[in-house]
Amino acid sequence: MKEIEKQIATPNTFFNNYRKVSDSIEAAKSDKPKNQRTCRFCGSKNETNYRTKAHIIPELLGAHNHLSDSECDLCNRIFAEHENHLANFYGPFNSLLGIRTKKKVPVFKSRNEQYCTSISVKNENGTPRIFFGDNLNDFKFDNDRKRLTINFKKKSFIPVAVYKSFLKMAISICPDDSLIHFESLIKWLMDVKSKHPANQFPFLLYRTRLTKMKFDKPFATLYFPSITSNTNPNFSRLATIVVHAGISVFQTFFLIDENLEIDTKDEIPFYKYPAYVHDIKTPDNCEKFEVPINSLSKLKQIILNGDKKVDYDDELIHLSFKKVRRSKDIE
Ligand SMILES: [Zn+2]
């Protein structure tokens, strides 16, 4: 167990420092009639501005019916633009796993590159069909290990738009009486011209890709710092959201006080949510057991600062297979 503790935070590190404020399921229970609604982003109280369904978690992470009663149609359209970037950033997972977004499983198409065909993934009845065309650059085929490794090139995305999509989820989940903590961030989210004043603050995203567990419907949980003996002055200013979708667990952090400036003299404590525990099967009747470190899901750290389109963070995915058939055999 020592070995793991050295490399990964134990579940206690996170849960001793954070308390759950609410989650996407609880937040969806609020269902005010249209004439009593107030948009928590722009303040609109006009009931004719609540015609479309606003989802607490964008459906591009998986279909669900957790609706928000505090997001007007206008703001919903603004966030849809950010969410196009989140979709590009998210990549091929729905198509590979057969997860519906609205009514059907989307088709994934990789970014166009000059000298090769883009790879596409179409899911047919739970089986992903992957088309390479003449593209021999983006996949490796290992017949001995029965393994296919594919490099899925994602379409370009704007990092800060991805960060804003997670921020919108956090604000949608936040209970009314805690919303005051997001006031400055709501202003920043809604004002296209304004820069985040805390330009030293890293928009850090942790992504864990699970290997043994899959969430067909996404869900998100918002955490606030709990009262502990933590003496770092930056600690009490950070909220965190954890979003489960498919085989991915995302976590990002927000500054939740009026003043968005941050002094980087003091370390910014980013406590990792222990997403890897989803991949550990606890033996029955056992108080202590060892987990081989190599078997744990991998955590990736991505920085989402930047308002220009980028091409990066491609997904390298290993697929195992039993048998290979040429397309001639399939037809
Ligand atoms: Zn609004």
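What you see is a predicted model, and the numbers here were worked out from it, not measured in a lab.

With respect to the sheet that holds strand β7 (residues 139–142)
Sheet architecture is open: 3 strands sit in the order β7-β8-β14, paired in antiparallel fashion. Looking at the sheet topology across the chains shown, the edges are occupied by β7 and β14 (315–320). The average angle at which neighbouring strand axes cross in this sheet is 15°, direction not considered. Note that β7 and strand β8 (residues 147–152) share 4 bridges and pair antiparallel. Across the sheet, residue Phe 139 finds its bridge partner in β8, namely Ile 150.

Section: the nonpolar core
With 60 residues, the main nonpolar core has Met 169, Ala 170 and Val 243 as its most contacted residues. Elements with a minimum of two residues in this core: α4 (73–90), α5 (93–97), α6 (159–173), α7 (183–190), β10 (215–225), β11 (238–246) and β12 (248–255). The greatest single-element share of this core, amounting to 9 residues, is contributed by α6. Apart from residues lying up to four places away in sequence, Val 243 is in contact with Ile 57, Phe 166, Met 169, Pro 218, Ala 220 and Phe 250.

Comments concerning α6
If you check α6, its first and last C-alpha atoms are 22 Å apart, about what 15 residues at 1.5 Å a residue would give, namely 21 Å. Among the 15 residues that make up α6, 14 are buried, leaving the element largely enclosed by the rest of the structure.

Overview of the pairing of strand β6 (residues 127–131)
Note: strand β5 (residues 120–124) against β6, 5 bridges, orientation antiparallel. When the bridges of β6 are listed, Lys 122 appears paired with Arg 129. Between β5 and β6, which follow one another and run antiparallel, lie 2 residues, and Asn 125 among them has a positive phi close to 50°.

Here's the deal with the confidence of the model for the protein chain
Mean pLDDT for the protein chain: 88, with 92% of residues reaching 70 or above. In the predicted structure, residues 1–7 sits below a pLDDT of 50 and forms 6 contacts with residues beyond four places in sequence or in another chain.

Thoughts on the packing of α4 against α6
The interhelical angle for the contact between α4 and α6, taken along N-to-C directions, is 115°, at an axis separation of 8 Å. The pairing of α4 with α6 is recorded here as roughly perpendicular in orientation. Where α4 crosses over α6, the handedness of that crossing is left-handed. Residue-level contacts link Phe 79, His 82, Glu 83, His 85, Leu 86 and Phe 89 of α4 to Ala 161, Val 162, Lys 164, Ser 165 and Lys 168 of α6.

Thoughts on the pairing of strand β9 (residues 204–209)
When a strand is regular, its side chains alternate between the sheet's two faces. Bridge count for β9 against strand β13 (residues 298–303) is 6 bridges, and the pairing is antiparallel. Bridge pairing in β13 places Tyr 206 opposite Gln 301. Two strands pair when backbone bridges link them, and β9 and β12 are joined in this way by 5 bridges, in the antiparallel orientation. Its bridge partner lying in β12, Arg 209 is registered against Ser 248.

Here's the deal with the environment of Lys 32
On the secondary structure map, Lys 32 appears in the loop between α3 (24–27) and β2 (54–55). Residue classification places Lys 32 among the exposed positions, given that 11 C-beta atoms sit within 10 Å. For the pair Lys 32 and Ile 241, spaced 209 residues apart in sequence, the C-alpha to C-alpha distance is 24 Å. Leave out the neighbours within four places in its chain, and Lys 32 touches Arg 37 and Asp 69.

Rules of the game
Starting from 1, residues in each chain are numbered consecutively following that chain's sequence as written. Side-chain atom pairs in this predicted model are given and counted only at pLDDT of 80 or more, local residue features only at pLDDT of at least 70, and totals for whole chains, interfaces and linings cover all residues. Two strands pair if DSSP finds at least two bridges between them. Put simply, DSSP marks the helices as runs of H or I at least four residues long and the strands as runs of E at least two long, and each gets a number from the N terminus on. Here an axis means a line fitted to C-alpha atoms, over the contact stretch when the element is a helix, while the angle between two N-to-C directions is reported on a 0 to 180 degree scale. A set of buried residues drawn from Ala, Val, Leu, Ile, Met, Phe, Trp, Tyr and Cys, joined through C-beta atoms within 7 Å, is what defines a nonpolar core. The exposure label follows from counting other C-beta atoms within 10 Å of a residue's C-beta, where the C-beta atoms are placed from the backbone and the thresholds are 20 or more for buried and 12 or fewer for exposed, leaving partly exposed in between. Two residues form a contact once the distance between their C-beta atoms, set from the backbone, is within 7 Å. To estimate the expected span of a helix, count its residues, drop one, and scale the result by 1.5 Å. pLDDT measures the predictor's confidence residue by residue and takes values from 0 up to 100. Reported orientations rely on four angle classes, namely roughly parallel under 35 degrees, roughly antiparallel over 145, roughly perpendicular from 65 to 115, and oblique for the rest. In this scheme the crossing of two helices becomes right-handed for a clockwise turn of the near helix relative to the far one and left-handed for an anticlockwise turn of less than a right angle.

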